[in-house]
Amino acid sequence: WEFNGSFYQPSALLMMGIPGLEALHPWISIPFCALYLTALVGNCVILFIIRRTQSLHEPMYYFLSMLAVTDLGLALCTLPTTLGLFWFDVRRIGFDACLTQMYFIHILSFIESSVLLAMAFDRFIAISHPLRHPCILTKTTVLKIGLAIVLRGMVSLLPIPFLLKRLTYCGKTELSHSFCFHPDIMNLACADIKVNVFYGMIILLSTVGMDFIFIVLSYILIIRTVVSLATKEECLKALNTCVSHICAVLVFFIPMIGLSMIHRFGRNVPPLVNTLVAYTYLIIPPALNPVIYSIKSTHIRQALLRALRRKSA
């Protein structure tokens, strides 16, 4: 490849599956299919149950609906390229299509982070100020929070595709995953990527980083309130309402932080570790969240059982 200082942008990029296990991709696709099916069916069931059950029309479940929609979006963003690679060895993806997929993956990730923060705020208000909870988080307020979350994600990430389009790329076109990720595309460039690195870091810290800090602060305040409760039974009952949310936070943030650290500082990390962390970050939360809430939320579980009984009858 000879560029002679001229601008070069590839027409397509090549996606990678699981390094070293290419011959086993058809078999590896089986658990991936199970996870995607669980994510799609589980989140659709959550949305159906909340929509059909009048008693679930309250802030906690409105935010859970937002989480389910976001998880559906994340699953649908990566499903075509991941299963296309595992089933049919389709590795090629157009450069503009790759940027589009990357944009929506990052937007949905940021939205999920913000929704988890909103759910933490809802739990704090419900436990600390139970009588004022319906007045503070009205339907209008929840709708405004939802719109603000979406707008923040869209606006903050809007420059990213244009920052990548301005770069000159080398002959290397292989991505590290079966989907498009900003640091992955950025590292293929021959040009100076300091602006991309700086902007990506600032946006990550000011959105997901701040969300995580405020979630931790919310739980510190929740624990202070719970400790002040009169009886042990009241304390356990209050904490039990937070278990599902805590699980969802851990399932989302631990792989995301790990993947961000690997892409920025893990030059010597084996490719297999990088790939497994990436798949854990994007596929496991959408599949596990509906399972967690179906098991731990008594209201969701009861509504689901009632719906199944009506179907069987």
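Residues numbered from 1 in each chain as written. Predicted model: local features only at pLDDT ≥ 70, side-chain atom pairs only at ≥ 80, totals over all residues. Heavy atoms only, no water.

The name an unreviewed UniProt entry assigns to the protein chain is Olfactory receptor, from the organism Malurus elegans. The Sequence similarities (unreviewed entry) field of the UniProt record for the protein chain holds the comment "Belongs to the G-protein coupled receptor 1 family." (UniProt positions renumbered as here; feature names shortened; annotations may be inferred.)

Undergrad: For this particular structure, what's the right way to read the UniProt feature "transmembrane region" (unreviewed entry) in the protein chain?
TA: The feature "transmembrane region" (unreviewed entry), as annotated in UniProt, sits at residues 24–50, 62–88, 100–121, 142–164, 197–222, 243–264 and 276–295 in this numbering. Between the first and last C-alpha atoms of residues 142–164 the distance is 35 Å; the span itself is 96% helix and 0% strand. A helix fraction of 100% and a strand fraction of 0% characterise residues 276–295, whose end C-alpha atoms lie 26 Å from each other. (Helix = DSSP H or I, 4+ residues; strand = E, 2+ residues; numbered from the N terminus.)

Undergrad: Can you help me understand the layout of surface pockets in this one?
TA: Looking at the largest pocket, its volume works out to about 500 Å³. In this structure, the largest pocket is lined by 19 residues; those nearest its centre are Lys172, Ser176, Asp184, Pro271 and Asn274. When residues of the lining of the largest pocket are traced back to their parent elements, those giving at least two are α10 (243–265) and α11 (271–296). For the lining of the largest pocket, a count of residues per class yields eight nonpolar, seven polar and four charged. (1 Å grid on protein atoms, 1.4 Å probe; cavity = no way out; pocket = protein on both sides within 12 Å on 5 of 7 lines; lining within 4 Å. Points joined across faces, edges and corners; volume = space filled by probe spheres on them. Nonpolar A, V, L, I, M, F, W, Y, C, P; charged D, E, K, R; others polar.)

Undergrad: Just to check I follow, could you spell out empty space enclosed by the protein for this structure?
TA: Gaps left between atoms show up when a probe the size of a water molecule is rolled over them. Counting across every chain of the model gives three cavities of 30 Å³ or more. Here the largest cavity is characterised by a volume of approximately 180 Å³. Around the largest cavity sit 14 residues that line it, and His106, Phe110, Gly200, Leu204 and Arg264 are the ones nearest its centre. Of all elements in the fold, only α3 (95–128), α7 (182–186), α8 (194–227) and α10 reach the threshold of two or more residues within the lining of the largest cavity.

Undergrad: Looking at this model, I keep getting lost on the packing of aromatic side chains. Mind explaining?
TA: For any pair of aromatic rings, the description rests on two quantities: the centre-to-centre distance and the angle between the ring planes. Tallied over the full model, the rule gives 12 aromatic pairs. Ring centres of tryptophan 87 and phenylalanine 88 lie 6.1 Å apart, and the angle between their planes is 80 degrees; this geometry places the pair in the edge-to-face category. A ring pair is formed by phenylalanine 179 and tyrosine 279, whose centres lie 6.2 Å apart and whose planes are at 75 degrees; its orientation type is edge-to-face. Of the two residues, phenylalanine 179 is situated in the loop between α6 (159–165) and α7 and tyrosine 279 in helix α11; the sequence distance between them amounts to 100 residues. Each member of the pair, phenylalanine 179 as well as tyrosine 279, carries the same accessibility label: buried. (Phe/Tyr/Trp six-rings, centres within 6.5 Å; stacked < 30°, edge-to-face > 60°. Buried < 20%, exposed > 50% of the residue type's maximum accessible area, 1.4 Å probe, protein only.)

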